[in-house]
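Survey of secondary and tertiary structure
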Amino acid sequence: MTMRLYGAKGAGSMATHAALEEAGADYEFTLLDLSKGEQKAPAYLAINPNGRVPTLVDGDVVVFEGAACLMHAIDRHPDCGLAPAPGTAERGAYYRWLVWMTNTLQESGGAWAHPANWAPDEATRPKVQAAAVARLERHWDMAEAGLAGRHWLLGEAMSGADLYLFMLAYWSRRYPVKAQDRPNCRAHARRVMARPAVQRMMAAEGVDWELG
Ligand SMILES: N[C@@H](CCC(=O)N[C@@H](CS)C(=O)NCC(=O)O)C(=O)O
């Protein structure tokens with residue numbers, strides 16, 4: 001059955017979109033225009049009451065949250081090589097990195113990019129952003145250390161965690177703390193972006209990254 005990924009240009013759907021391309025999946029991509037509020041349309045809220053992207057619809061199964069969509073897409077294509085076998089040390093690292101990224105690195109970026117979600121009072125937003133910048137420095141340093149001496153987060157093979165890190169690195173290009181300013185993260189982003197599947201995802205979404 002054809003899966004449907006709801007996403008937006010350069011948004012949290014990028015990692016799942018790239019994984020579906022890597023897997024050669026039978027899927028369709030529905031591009032929502034967030035500036036027009038299409039993510040708040042009643043028909044979309046019926047499948048994802050958060051009113052955010054991404055959402056992955058796989059028959060009767062509806063998955064939201066970017067990392068969950070990514071893991072489900074990969075699990076449905078067990079031969080795609082994007083996740084280590086359950087119960088292995090590498091699988092533990094795969095969970096660890098993915099949950100850490102979505103819960104920590106992504107969250108800190110969100111606090112910098114959308115301080116109003118954390119501080120309704122405008123006067124306190126600069127403090128929220130300053131704290132987010134300090135956290136982002138620590139988090140990107142941790143990603144940098146995690147990539148020391150290895151091509152991929154899990155070591156020998158690229159996984160879904162690398163696609164997720166690439167997505168966050170791409171977003172950070174507009175943040176005061178940029179993944180690309182750290183050599184290991186920069187080399188990692190270039191490595192991921194060189195993948196034909198990632199190129200296809202970026203072309204389909206109409207996004208580019210002049211990483212140099
Ligand atoms: N925790 C969610 C966050 C999703 C999220 O914030 N998505 C953004 C795009 S990257 C969005 O839909 N923003 C539009 C809105 O909040 O109305 C996830 O990781 O999937």
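Residues numbered from 1 in each chain as written. Predicted model: local features only at pLDDT ≥ 70, side-chain atom pairs only at ≥ 80, totals over all residues. Heavy atoms only, no water.

A word on helix 1 (residues 14–23)
Within helix 1, eight of the ten residues are buried, which leaves the element mostly enclosed by the surrounding structure. For helix 1, the full list of buried residues reads Met 14, Ala 15, Thr 16, His 17, Ala 18, Ala 19, Leu 20 and Glu 21. Those residues of helix 1 that are buried lie in contact with strand 1 (3–7), strand 2 (27–31), strand 3 (55–58), helix 3 (66–75), helix 6 (160–172) and helix 8 (196–205). Phi turns positive one or two residues past the end of helix 1, at Gly 24, with a value near 65 degrees. (Buried < 20%, exposed > 50% of the residue type's maximum accessible area, 1.4 Å probe, protein only. Helix = DSSP H or I, 4+ residues; strand = E, 2+ residues; numbered from the N terminus. Contact = heavy atoms within 4.5 Å.)

Concerning the sheet that holds strand 2
The sheet built from four strands is open, its strands ordered 2-1-3-4 with mixed pairing. At either margin of the open sheet sits one strand with a lone partner, and together these are strand 2 and strand 4 (61–64). Averaged over all adjacent pairs, the angle separating strand axes in this sheet is 15 degrees, with direction ignored. In terms of strand pairing, strand 1 meets strand 3 through three bridges, oriented antiparallel. Of the residues in strand 3, the one forming a bridge with Tyr 6 is Thr 55. (Pairing = 2+ DSSP bridges. Axes fitted to C-alpha atoms, helices over the stretch in contact; angles between N-to-C directions.)

Digging into the environment of Glu 28
With respect to the helices and strands, Glu 28 occurs in strand 2. Its relative accessible area of 39% is what places Glu 28 among the partly exposed residues. C-alpha separation for the pair Glu 28 and Met 1, spaced 27 residues apart in sequence, amounts to 11 Å. Glu 28 has contacts with Thr 2, Met 3, Arg 4 and Leu 5, leaving out every residue within four places of it along the chain.

A short note on the packing of helix 5 (residues 125–146) against helix 7 (residues 183–193)
Relative orientation and spacing of two packed helices are given, respectively, by the angle between their axes and the distance between those axes. The N-to-C vectors of helix 5 and helix 7 enclose an angle of 70 degrees; their axes lie 8 Å apart at closest approach. By the angle class used here, helix 5 and helix 7 are roughly perpendicular. When you trace helix 5 past helix 7, the crossing you get is left-handed. Contacts between helix 5 and helix 7 involve Trp 140, Ala 143 and Glu 144 from the former and Pro 183, Asn 184 and Cys 185 from the latter. Residue composition of the contact of helix 5 with helix 7, grouped by class: four nonpolar, one polar and one charged. (Parallel < 35°, antiparallel > 145°, perpendicular 65-115°, else oblique. Left-handed = near helix turned anticlockwise from the far one by under 90°. Nonpolar A, V, L, I, M, F, W, Y, C, P; charged D, E, K, R; others polar.)

A word on the domain arrangement of the protein chain
As far as domains go, the protein chain holds domain 1 (3–75) and domain 2 (89–195). The C-alpha centroid of domain 2 is placed 21 Å from the C-alpha centroid of domain 1. Taken together, the contact pairs 16 residues of domain 1 with 15 residues of domain 2. When domain 1 packs against domain 2, the two sides together hide about 1,100 Å² of surface, and 69% of this comes from carbon and sulfur. Summed over the three residues of domain 1 that lose the most area to domain 2, namely Met 14, Glu 22 and Met 71, the buried surface amounts to 37% of that side. Joining domain 1 to domain 2, the criterion identifies two residue pairs in polar contact (both at pLDDT 80 or more). For the side of domain 1 that touches domain 2, the secondary-structure elements that each account for two or more residues are helix 1 and helix 3. Top element by residues in the side of domain 1 that touches domain 2 is helix 3. It accounts for six residues. A class-by-class count of the residues in the side of domain 1 that touches domain 2 yields nine nonpolar, four polar and three charged. (Domains from an automatic or database assignment. Buried area = accessible area lost by both parts, 1.4 Å probe. Polar contact = N/O pair within 3.5 Å; in protein donor to acceptor, adjacent residues only side chain to side chain.)

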